[in-house]
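# Geometric and topological summary
Listed here are the chains, written in short residue letters.
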Amino acid sequence: NAINSSVAHNISVVRPEYFFITGLTGIQYSRYYYIFLFCIYFIAVIGNSAVLLLIAVERSLHSPKYIGVFNLALADIGEANALIPNMMKTFLFDSQYISYNACLANMFFVFFFSMMQSSTLVVLAYDRFIAICLPLRYHAIVTNTIMCFIFSAIWAFNAFMMALIVSLISRLSFCKSNVIQSFFCDHGPMYRMACNDNSINSFLAKLNMSLYLLAPLILIVLSYICILFALSKVTTWEGRLKALKTCVTHLLLVASLFLPVTGIYIYALINSPSANARVISASLAYAVPPMLNPIIYVLNTAEIKDLIRKVFKNKSGPM
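Residues numbered from 1 in each chain as written. Predicted model: local features only at pLDDT ≥ 70, side-chain atom pairs only at ≥ 80, totals over all residues. Heavy atoms only, no water.

The name given to the chain in an unreviewed UniProt entry is Main Olfactory Receptor, with the source organism recorded as Triplophysa rosa. Annotation of the chain in UniProt includes, under Subcellular location (unreviewed entry), the sentence "Cell membrane". (UniProt positions renumbered as here; feature names shortened; annotations may be inferred.)

### Some thoughts on the overall build of the chain
When its secondary structure is counted, the chain shows 11 helices and 3 strands. Secondary structure elements of the chain occur, N-terminal to C-terminal, as α-β-α-α-β-α-α-α-β-α-α-α-α-α. When its C-alpha atoms are laid out on the principal axes, the chain stretches across 70 × 50 × 40 Å. Expressed as a percentage of its 319 residues, the buried residues of the chain come to 43%. Of the contacts formed within the chain by residues at least 6 apart in sequence, a portion of 79% connects residues at least 24 apart. Accessible surface, the chain: about 17,000 Å² in total, of which carbon and sulfur atoms supply 69%. Here the chain carries 21 positive and 11 negative side-chain charges, and the mean point of each set is 5 Å from the other. (Helix = DSSP H or I, 4+ residues; strand = E, 2+ residues; numbered from the N terminus. Buried < 20%, exposed > 50% of the residue type's maximum accessible area, 1.4 Å probe, protein only. Contact = heavy atoms within 4.5 Å. Areas by Shrake-Rupley, 256 points an atom, 1.4 Å probe, with all protein chains shown as cover. Lys, Arg positive; Asp, Glu negative; His and termini not counted. Charge placed at Lys NZ, Arg CZ, Asp CG, Glu CD.)

### Re the packing of aromatic side chains
Under the criterion given, the structure shown has 18 aromatic pairs. Ring centres 4.7 Å apart and planes at 10° place the aromatic pair Tyr34 and Phe91 in the stacked group. Here Tyr34 is found in helix 2 (residues 30-57), whereas its partner Phe91 is found in helix 3 (residues 64-92), with 57 residues between them in sequence. With respect to burial, Tyr34 and Phe91 carry one shared label: buried. Ring geometry for Phe113 and Trp155: centres 6.3 Å apart, planes at 80°, overall edge-to-face. Separated by 42 residues along the polypeptide, Phe113 in helix 4 (residues 100-133) and Trp155 in helix 6 (residues 144-169) bring together distant segments of the chain. Taking the relative accessible area as the measure of exposure, Phe113 reaches 15% and is therefore buried. An aromatic cluster is present here, built from Phe108, Phe109, Phe112, Phe113 and Trp155 joined pairwise through their rings. One Lys or Arg, Arg240, reaches over the ring of Trp237 and ends 4.8 Å from the middle of that ring. (Phe/Tyr/Trp six-rings, centres within 6.5 Å; stacked < 30°, edge-to-face > 60°. Lys NZ or Arg CZ within 6 Å of the ring centre and 35° of its normal.)

### Digging into the pairing of strand 1 (residues 18-21)
Looking down a regular strand, the side chains alternate between one sheet face and the other. What you see with strand 1 is a clean split: Phe19 and Ile21 sit on the buried side and Tyr18 and Phe20 on the side with no burial. Sheet topology places strand 1 next to strand 2 (residues 97-99); 3 bridges connect them, and they run antiparallel. Residue pairing for strand 2: Phe20 is matched across the bridge by Tyr97. In this sheet, strand 3 (residues 179-180) lies alongside strand 1 in parallel orientation, the contact comprising 2 bridges. What sits directly across from Phe20, in strand 3, is Val179. (Pairing = 2+ DSSP bridges.)

### Regarding the nonpolar core
Core analysis: the biggest nonpolar cluster contains 61 residues, and Phe19, Tyr34, Met87, Met162 and Met190 have the highest contact counts within it. With 13 residues, helix 4 is the single largest residue contributor to this core. The next biggest cluster of nonpolar side chains, apart from the first, holds 29 residues, and it includes Ile55, Leu213, Ile220 and Tyr224. (Core = buried A, V, L, I, M, F, W, Y, C linked by side-chain atoms within 4.5 Å.)

### Considerations on the sheet that holds strand 2
On the basis of which strands lie adjacent, the open sheet formed by 3 strands has the order 2-1-3 and mixed pairing. The sheet is open, and its two edges are formed by strand 2 and strand 3, each paired on a single side. In the packing of helix 4 onto the sheet, the strands contacted are strand 1, strand 2 and strand 3, and the crossing angle to strand 2 comes to about 90°. (Axes fitted to C-alpha atoms, helices over the stretch in contact; angles between N-to-C directions.)

In structure tokens, the structure reads:
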């Protein structure tokens, strides 16, 4: 009976050969928007590649903080490559159909690297918390070995979580529609199309949002409350400002990643945005942070600015 039940369940699962991704609909010049996203992608890849190369080559940047920056740049490149080139192929070359397995792979990599972005910002907040609240113990608590171990655990855990989420999509039966109302193989629109029970998929979607949106924001806010409390004990304003300056880059990174996504969720809870509004807002929220992050590094990190000055001075000097 158990075998017959299992066979009957497998037969009842309908897996379409292809999914159709809608993207922007009814907009005459939508191609120009995708070209704009490709320009953002190009800047993001060049900027983050330069940051990765600079940190890898320059020994003075082989420190716990820059291990975090290296991982964030790696996640930015991964997320941009998982999302934008596939969008170009889908919407600029009129191939809006994507195979079942390719769709699941696209979902895995987009969300996996997005998870890495938010997780890395939490680790960087931890780095700033220890540096300001426990400065005398910083080099004992935060070492290169410990940071490498933390990031290895985060990469492994995020890969496991996303593999679990994607594997449970494969148990769903898509017997009503194969049209995904999004700009990539988005988890939410996909599991809602299922004909059979999708309660566990819904639970994992909420868990995923809690783990990679709410929890990181709460942890980062708590870390900065502790930082502000520690700075209140500093007697001079110069000392407080000097400590706060080391947090500016991280706060800008947090704002560029979390504010757009949080705004989209809040707006969706209050109103019901149109399909095109969802596509534009979500695609910008995914595409813009990887472009802004390397610019933020360069403009707000003294060590990187000094290294870039040295490189240009050496190139402009006599042969």
